[in-house]
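Survey of secondary and tertiary structure
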Amino acid sequence: MYSQIRQQLDQEDVTLVAVSKTKPNHQILKMYEQGQRIFGENKVQELVDKYETLPKDIEWHFIGHLQRNKVKYIAPFISLLHGVDSLRLLKEVNKRAQQNDRKIACLLQFHIAEEDTKFGLDWEEAKAILESEIFKTMEHIEIQGVMGMATYTDDETQVRKEFQRLKTFFNQLREQYFPAQPSFKEVSMGMSGDYEMAIAEGSTIVRIGTLLFGQR
Ligand SMILES: *Cc1c(COP(=O)(O)O)cnc(C)c1O
């Protein structure tokens, strides 16, 4: 399964985040040995444990909702934070990145699903963050794009519409706030059940767990 998906994504030039949450190290290592280097986790403690025991050339992505008081544990090594959805969180990330003498790459998470249980910004909130004075002083973060999760439904029309909204947010942000920043280029959308549609709608990063590792 891994090599098939990997081949398909390579052809489309889409980055694969292998979502390894709840999965044991030996399963992660097996995929590592097949060439996978990017893994995604959504719990800080689990991520830190895996970081400490698995090969150091793994790029770890944090894909869940990150609490501010836990940023410090992953700040030394995290490659990409997918779920940034507040200025307060960004401030903390900037501070911890500075302490570690590095820049941390972040994606702004947008609320695109119908369910109101899912985290994320709307357009006005994102705009408020990016236009704030404090944001302009943050030298240790790099916003590289956007992330979103579609509604969990069989209704393909709805899911497609939600992906299109995220892509539109991305285009608008790039034009208005990041025209001179080539690294603002990522649209993280698509999971096991909807990644092909996400790619058709312009995804650059897919986050796939179940399809690669089996049910959790
Ligand atoms: C668990 C998770 C995924 C992977 O979901 P699958 O359906 O198992 O592919 C993707 N994104 C986020 C944010 C997740 O929490």
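Attention here is on the structure that accompanies the text. (Residues numbered from 1 in each chain as written. Predicted model: local features only at pLDDT ≥ 70, side-chain atom pairs only at ≥ 80, totals over all residues. Heavy atoms only, no water.)

Before going further, it helps to spend a moment on helix H2 (residues 25-33). Three or more residues of H2 are buried, namely Ile-28, Met-31 and Tyr-32. Down the axis, H2 shows its buried residues gathered within 105° of arc, on one side only. Set apart from the buried face of H2 by more than 90 degrees, the exposed residues are His-26, Lys-30 and Glu-33. Each element contacted by the buried residues of H2 is listed here: helix H1 (2-12), strand E1 (15-19), strand E2 (38-41), helix H3 (44-53) and helix H10 (210-213). Positive backbone phi, approximately 115°, marks Gly-35, located one or two places after H2. (Buried < 20%, exposed > 50% of the residue type's maximum accessible area, 1.4 Å probe, protein only. Helix = DSSP H or I, 4+ residues; strand = E, 2+ residues; numbered from the N terminus. Arc of directions from axis to C-beta. Contact = heavy atoms within 4.5 Å.)

Let us look at the pattern of salt bridges. The tally for this structure, following the rule as stated, stands at 9 salt bridges. Its salt-bridge partner being Lys-50, residue Glu-41 comes within 2.8 Å of it at the nearest N-O pair. For the pair formed by Glu-41 and Lys-50, the shared burial category is buried. Here Glu-186 and Lys-185 are joined by a salt bridge, their closest N and O atoms 2.6 Å apart. (Salt bridge = Lys/Arg side-chain N within 4 Å of Asp/Glu carboxyl O.)

Looking now at the site of the ligand. Close to the ligand lie Val-19, Lys-21, Ile-63, Met-147, Met-149, Met-191, Ser-192, Arg-207, Ile-208, Gly-209, Thr-210 and Arg-216. Contact distances for the ligand include 2.5 Å between an oxygen atom and a side-chain N or O atom of Ser-192. Isolated, the ligand exposes 390 Å² of accessible area, and the fraction of that covered by the protein chains is 89%. Considering only residue class, the shell around the ligand consists of 6 nonpolar, 3 polar and 3 charged. (Near = heavy atom within 4 Å. Polar contact = N/O pair within 3.5 Å; in protein donor to acceptor, adjacent residues only side chain to side chain. Areas by Shrake-Rupley, 256 points an atom, 1.4 Å probe, with all protein chains shown as cover. Nonpolar A, V, L, I, M, F, W, Y, C, P; charged D, E, K, R; others polar.)

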